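# Observations on the model geometry
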Amino acid sequence: MAMDNEENFWRILISQCRQEARQKEAGGTENSAIVRLANFLLLQAIEQRASDLHMEPYGEELRFRLRVDGLLTELPFRLPASLAPMLISRFKVQGNMDIAKHQQPQDGSFIFAEQGHKVDVRAAVMPVAGGEMLTLRLLDLQEDLLRLGELGFTPDKETQFRKLLNRPAGLIIVCGPMNSGKSTTLYAALRELNTAARKWITLEDPIERHIQGINQVQINPKAGLTYASGLRAILRQDAQGILLGEIRDEKTAMMAVRMALTGHLLLTTLHTENAVAAVFRMLEMGVPPYLLAATLSGVLAQRLVRRCVDAEQKIYRGRLALQELLVVDPSIREAILTGQSREKLEEIAIKQGMASLWKDGEAKAAAGLTTLAEVGRVLYGS
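This report concerns the structure included in the present document.

Reading guide: rules and limits
- Residues numbered from 1 in each chain as written.
- Predicted model: local features only at pLDDT ≥ 70, side-chain atom pairs only at ≥ 80, totals over all residues.
- Heavy atoms only, no water.
- Pairing = 2+ DSSP bridges.
- Helix = DSSP H or I, 4+ residues; strand = E, 2+ residues; numbered from the N terminus.
- Axes fitted to C-alpha atoms, helices over the stretch in contact; angles between N-to-C directions.
- Contact = heavy atoms within 4.5 Å.
- Polar contact = N/O pair within 3.5 Å; in protein donor to acceptor, adjacent residues only side chain to side chain.
- Salt bridge = Lys/Arg side-chain N within 4 Å of Asp/Glu carboxyl O.
- Buried < 20%, exposed > 50% of the residue type's maximum accessible area, 1.4 Å probe, protein only.
- Phe/Tyr/Trp six-rings, centres within 6.5 Å; stacked < 30°, edge-to-face > 60°.
- Lys NZ or Arg CZ within 6 Å of the ring centre and 35° of its normal.

## Describing the sheet that holds strand E10 (residues 241-244)
If you walk across this open sheet you meet the 7 strands as E9-E8-E10-E11-E7-E12-E13, and the pairing is mixed. Whereas interior strands pair on both sides, the edge strands pair on one side only; in this sheet they are strand E9 (215-218) and strand E13 (315-327). Averaged over all neighbouring strand pairs, the angle between strand axes comes to 20°, with direction disregarded. Set on the sheet, helix H4 (residues 155-165) makes contact with strand E7 (170-175), strand E11 (265-270), strand E12 (296-310) and E13; between it and E13 the angle comes to about 55°. Across the sheet, helix H8 (residues 275-284) touches E7, E11, E12 and E13, and the angle it forms with E7 is around 120°.

Next up, the structure:
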């Protein structure tokens, strides 16, 4: 019955939008149909716990898909292509983008506050065949930041990771693909390290959550504020802890390592498939082995799998992390210094106690937290 009501409401909105288009009043008032239609889509995404809302040209229509627990699902609503520019323009206005530009990518953001919800929305629009596609990333501002103990670590890994975080200096890398929870892990670490006795500065693009007591800096390349220039400026700010949103290039990699060498604890992220690969990525970026061996404290690789709530029916709700923690001990440092192969470094790490992502997934599946099928899907696409 609820779905019937929603479909009827959608049809009414489409009719009103067509009428507004004919009257050339699209988006003219806060109560216009196109505004209500945009709000309806956002509320649909929020109610279904989506992390992203996708709007894409699809033949003579605009289709809508939601990413829920890492998987894309399609909404039953379609918008006629003739009305798509009105809807895209509505979101461009909210995100402070230029509605007159249709042939180049644009980014923006806004806060959506309706019906008791407060969501930070990051908008990205791109021209494609048939018009423009728009992706909205949704972040619920009313959800509390997770703590380290809520990230799904096994007890031994949590203890090891806490020890790394409580070192006075060194480089700690969290790695994984897009949408693998890296920022969530770093914010959980910051939440526990946020004390009056230590000054923390972050360099982020974008700042995803504001944390009281942490000095957060938004990267702005147009104004000359890059990751590399930001790190140089931090040297004059008497900070002990630094969160660097991402290492993207050789210059930033070298700056990060030198900051860790000069007595700073530096947390950052890389896009690599596993913990050992992060070591070789840093070497590929031109970081000398002796510097990396001297500064790298540990690498945490992770993936997100769906949490199983009914193993028999294969019902999932929410997600949890699989983790692989490489702790850099003397044997790992020696392997980096002597230029050992990736296979040899992984062999040494496993011998020293590193459990692979697959092993962590097997353990969590055995505990009923997820399934082996889900672990295989996320790690190997099977």
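Here the narrative resumes.
## Some points on the side chain of Glu 374
Relative to the helices and strands, Glu 374 resides in helix H13 (residues 372-380). At a separation of 2.7 Å, a polar atom in the side chain of Glu 374 contacts the side chain of Arg 377. For Glu 374, the residues in contact, after removing those within four places along its chain, are Val 305, Arg 306 and Tyr 316.

## Describing the pattern of salt bridges
Under the definition given, this model contains 20 salt bridges. Between Arg 65 and Glu 56 there is a salt bridge, with its nearest N and O atoms 2.9 Å apart. Of the residues examined, Glu 56 reaches a relative accessible area of 13% and is grouped as buried. Taken together, the salt bridges that share partners define one network made up of Glu 56, Glu 61, Arg 63, Arg 65, Glu 74 and Arg 78.

## Quick word on the sheet that holds strand E5 (residues 117-128)
In spatial order, the strands read E3-E2-E1-E6-E5-E4; together these 6 strands make up an open sheet with antiparallel pairing. Since the sheet does not close on itself, it has two edges, and those belong to strand E3 (71-80) and strand E4 (106-114), each with one partner. Neighbour-to-neighbour, the strand axes of this sheet turn through a mean angle of 25°, independent of strand direction. Packing of helix H2 (residues 33-47) onto the sheet brings it into contact with strand E1 (52-58), strand E2 (61-68), E3, E4, E5 and strand E6 (131-140), and relative to E4 it is tilted by some 80°.

## A closer look at the packing of aromatic side chains
Under the definition given, this model contains 8 aromatic pairs. Here Trp 10 and Phe 40 contribute two aromatic rings whose centre-to-centre distance is 5.8 Å and whose plane-to-plane angle is 40°, an arrangement assigned as tilted. With a gap of 30 residues between them, Trp 10 in helix H1 (residues 2-22) and Phe 40 in helix H2 connect regions that are remote in the sequence. Its relative accessible area of 6% is what places Trp 10 among the buried residues. Of the residues examined, Phe 40 reaches a relative accessible area of 9% and is grouped as buried. Put simply, the rings of Phe 9, Trp 10, Phe 40, Phe 64 and Phe 77 touch in pairs and so form one group of aromatic residues. Sitting over the ring of Tyr 316, Arg 306 keeps its end group 4.0 Å from the ring centre.

## A look at unusual backbone geometry
Negative phi values dominate among residues other than glycine, just as trans dominates among peptide bonds. A cis geometry characterises the amide bond from Asp 205 onward to Pro 206, with omega recorded as 0°. Mapped onto the elements, Pro 206 comes out in the loop between strand E8 (200-204) and E9. The backbone of Gln 115 shows a phi angle near 50°, a positive value even though the residue is not glycine. As for its position among the elements, Gln 115 is in the loop between E4 and E5. The exposure class assigned to Gln 115 is exposed, which follows from its relative accessible area of 61%. Of note in this structure, Lys 314 is not a glycine but carries a positive phi near 55°.

## Describing the pairing of E8
Counting buried residues along E8, 5 of its 5 residues qualify, which places the element largely inside the surrounding structure. Of the two faces of E8, the one carrying Trp 200, Thr 202 and Glu 204 and the one carrying Ile 201 and Leu 203 are both buried. Sheet analysis places E8 next to E10, joined by 4 bridges and oriented parallel. Bridged to Leu 203 within E10 is Leu 244. Bridging between E8 and E9 involves 4 bridges; their strand directions are parallel. Within E9, the residue paired with Glu 204 across the bridge is Gln 218.

## Section: the pairing of E12
Within E12, 11 of the 15 residues are buried, leaving the element largely enclosed by the surrounding structure. Pairing of E7 with E12 involves 5 bridges; the strand directions are parallel. From the neighbouring strand, Cys 175 faces E12, where its bridge partner is Ala 301. In this structure, E12 lies alongside E13, joined through 11 bridges in antiparallel fashion. Following the sheet pairing, Val 305 is matched in E13 by Leu 320. Where E12 hands over to E13, the hairpin turn is made up of 4 residues, of which Lys 314 adopts a positive phi near 55°.

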